[in-house]
Amino acid sequence: MKNKRSSIKRRNQNEENWKSLRTTRDDLSLDRTLPTGQSFRWQKVEEYDENDENEKKYSTYVGVIGRRVVQIRERMEFEEEEEKSYETTTIEFRVLNTNESNICKNEDKENGEQEEEQVTKDVRAYFNLDDPIPLKDLFEQFSKADPYRFGRLSAYVRGARTLRQPPAECLISFVCSSNNNIARIKKMVESLCEKYGEELVCNVSSRSRSRSSGSSGRDDDEENEVNDKEEINESKIYHAFPTVEQLAEKCDEQTLRDLGFGYRAKFIPAMAKELVKRGGEAYLLKLRDAPQTEEEKYRAITELTSLPGVGPKVAGCAALFSLDKKSVVPVDTHVWQLAREHFDPNGELASMETTASTTKGSANEEGAEQQRHKESSTPTTPTKQKDKPLSITPKMMKKCEEMLVSIYGAYAGYAHTALFVAELPTVRESLPEHLRTPTKADKKRGEKNGEKKPEKKKRKFLKVDGENKSDDDGA
DNA sequence: GCTGGACCTTC
DNA sequence: AAGGTCCAG
């Protein structure tokens, strides 16, 4: 409503609005946290550093936290000291929208400063940056507890954090995630926000043409020209995630079906209404603030599971990603696969796959094989199955979660996040071959060649060979 | 309690 | 098939 003010001034103002998140890249890597399928609202945006004479490009993320549109970047600085020069990374953010935050209603300066503090607090909270234990230290603990897998992986997933999202947003997003892929989940969440969420008005920073002094006068900014409508107003509209009240009142199944939600369309209005009945967001926040005991953890999961569209997996995600239940390990097909591959030397998990998975005839055989070495006497699994997708039963989830919690402890959920991130294509590619979890294709190929899966036996007892400490990622 | 299907789209 | 859940039997 109030975008009549001078956009130029605002633009300059924004340039200086970057504030430090007061963390380090050991504790937070944006690339390993924001686009990893915890939250579906972050968009990677390339920017140019206007203070750098070469206008060096750097990447930022733009997303919405509550009612603020937030942009985050990792800024690298090179410092020279005597002979050595080294770089430090500062993680910074700024608020882009003008109808919340950086404008104080009564031009009171103190209020403004309070607001500034509040913003920083909120953003830090969203990233769980006020944990009692820094992520770096946790990773060291995980590595000690599990040198074979986590220890060798930790350098490649440094800064892979677990977020702390608004509970209703998190829960509803993950209801959309069932039997679905990330790209479509993002689309669904975005359309839900556009349809029902509060508008958040941002000034658009029409960079580029300001100075094309840079050597490569390329302008890949054609999209700015295309969006001429928005360019004129110099504002861009983002949307808050709708509140449960908004959804309960306005949202209906048919509309969501038309938006492409498929069979999940009926869950969201039903859940919103039920949540409102139970007290709205405050009801969920109560689950968050309950004492951090195992009992309360299970209670939270039970409560969530009684909502429409929420099974154990979705409840686990909401509990871990928004309700401070840090030992929860939400087990999905991917986590199951990696647990079976790396944490199942005795084939306990493998033996539970009574339903054949898509590709592995050998999985069951192998599991049964190893099972025989132990004493447990589950009925030997049939060797021949049809090609049905593997579905994870609650029993399997429980077993898998227990196994990981027994290894990683009270912050097992954080370890899970890092292990999961290591499986994402972009990160996986940065891993040395021997750390990559074999894909189905790999296994198939192996079977065809009649190979014997050489590793398996050395597993837990192999000492961590001196994997060159390559402190770093590929990015 | 546990298991097998159906369920909406789309990459 | 994709980061499951619900509902019968």
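Remember, it's a predicted structure, so these values are computed and weren't measured experimentally.

Things to note about the pairing of strand β6 (residues 199-203)
Within a regular strand, side chains alternate between the sheet's two faces.
Step number 1: Most of β6 is tucked away: four of the five residues are buried.
Step number 2: Relative to strand β7 (residues 235-239), β6 runs antiparallel, the two sharing five bridges. When the sheet's bridge partners are listed, N203 is paired in β7 with S235.

Focus: the packing of helix α3 (residues 135-145) against helix α18 (residues 412-423)
For any two helices packed against each other, one specifies the inter-axial angle together with the distance between the axes.
Step number 1: Two elements in contact, α3 and α18, have axes whose closest approach is 11 Å; the angle formed by their N-to-C orientations is 85°. The angle between α3 and α18 falls in the class roughly perpendicular. Contact with α3, carried on its side by L135, L138, F139 and F142, involves Y414, A415 and A418 of α18 and no other residues of that element.
Step number 2: A per-class count over the contact of α3 with α18 returns seven nonpolar, no polar and no charged.

Notes on the nonpolar core
Step number 1: Judged by nonpolar contacts, the single largest core of 43 residues is most densely connected at L171, L304 and V310.
Step number 2: The set of elements that each furnish at least two residues to this core consists of α5 (167-175), α6 (182-196), α9 (244-250), α11 (267-277), α12 (281-289), α13 (294-305) and α14 (312-322).
Step number 3: Take this core: its biggest share by element is seven residues, from α14.
Step number 4: Setting aside residues no more than four positions away along its own chain, V310 makes contact with L171, V175, M271, L304, T305 and A315.

Structural notes on the packing of α13 against α14
Step number 1: Across the interface, α13 lies against α14 with an axial gap of 9 Å and an inter-helix angle of 125°. What the angle tells us is that α13 and α14 run oblique. As for the relative orientation of α13 and α14, their crossing is right-handed in sense. On α14, the residues that touch I301, L304 and T305 of α13 are P312, A315, G316, A318 and A319.
Step number 2: Split into classes, the residues belonging to the contact of α13 with α14 amount to six nonpolar, two polar and no charged.

Thoughts on the environment of P308
Step number 1: Relative to the helices and strands, P308 is located in the loop between α13 and α14.
Step number 2: Taking the relative accessible area as the measure of exposure, P308 reaches 25% and is therefore partly exposed.
Step number 3: With 70 residues separating them in the primary sequence, P308 and Y238 have C-alpha atoms 28 Å apart.
Step number 4: Look past the residues within four positions of P308 in its chain and what remains in contact with it is F267, A270 and M271.

Side note on the pattern of salt bridges
Step number 1: Enumeration according to the criterion identifies 27 salt bridges in this entry.
Step number 2: The salt bridge involving D131 is made with K326; its shortest N-O contact spans 3.3 Å. Of the two residues, D131 sits in the loop between α2 (109-126) and α3 while K326 sits in the loop between α14 and α15 (333-342), which places them 195 residues apart along the sequence. Here the two residues D131 and K326 agree in accessibility, since each one is buried.

Some remarks on the protein's contact with DNA strand B
Step number 1: Looking at DNA strand B, there are twelve residues lining it, with R184, K187, R257, Y263 and K388 nearest.
Step number 2: Close to the protein, within 4 Å, the atoms of DNA strand B belong to sugar or phosphate groups at a rate of 64%.
Step number 3: The separation between a phosphate oxygen of DNA strand B and a polar side-chain atom of K187 is 2.9 Å.
Step number 4: Its residues assigned to classes, the surface near DNA strand B shows one nonpolar, four polar and seven charged.

Concerning α5
Step number 1: In terms of burial, α5 is a largely internal element, nine of the nine residues being buried.
Step number 2: Of all the positions in α5, only P167, A168, E169, C170, L171, I172, S173, F174 and V175 are classed as buried.
Step number 3: Elements that come into contact with the buried residues of α5 comprise α6, α9, α11, α12, α13 and α14.

Criteria and thresholds
Residues numbered from 1 in each chain as written. Chains lettered and ligands numbered in written order. Predicted model: local features only at pLDDT ≥ 70, side-chain atom pairs only at ≥ 80, totals over all residues. Heavy atoms only, no water. Buried < 20%, exposed > 50% of the residue type's maximum accessible area, 1.4 Å probe, protein only. Helix = DSSP H or I, 4+ residues; strand = E, 2+ residues; numbered from the N terminus. Pairing = 2+ DSSP bridges. Axes fitted to C-alpha atoms, helices over the stretch in contact; angles between N-to-C directions. Parallel < 35°, antiparallel > 145°, perpendicular 65-115°, else oblique. Contact = heavy atoms within 4.5 Å. Nonpolar A, V, L, I, M, F, W, Y, C, P; charged D, E, K, R; others polar. Core = buried A, V, L, I, M, F, W, Y, C linked by side-chain atoms within 4.5 Å. Left-handed = near helix turned anticlockwise from the far one by under 90°. Salt bridge = Lys/Arg side-chain N within 4 Å of Asp/Glu carboxyl O. Near = heavy atom within 4 Å. Polar contact = N/O pair within 3.5 Å; in protein donor to acceptor, adjacent residues only side chain to side chain.

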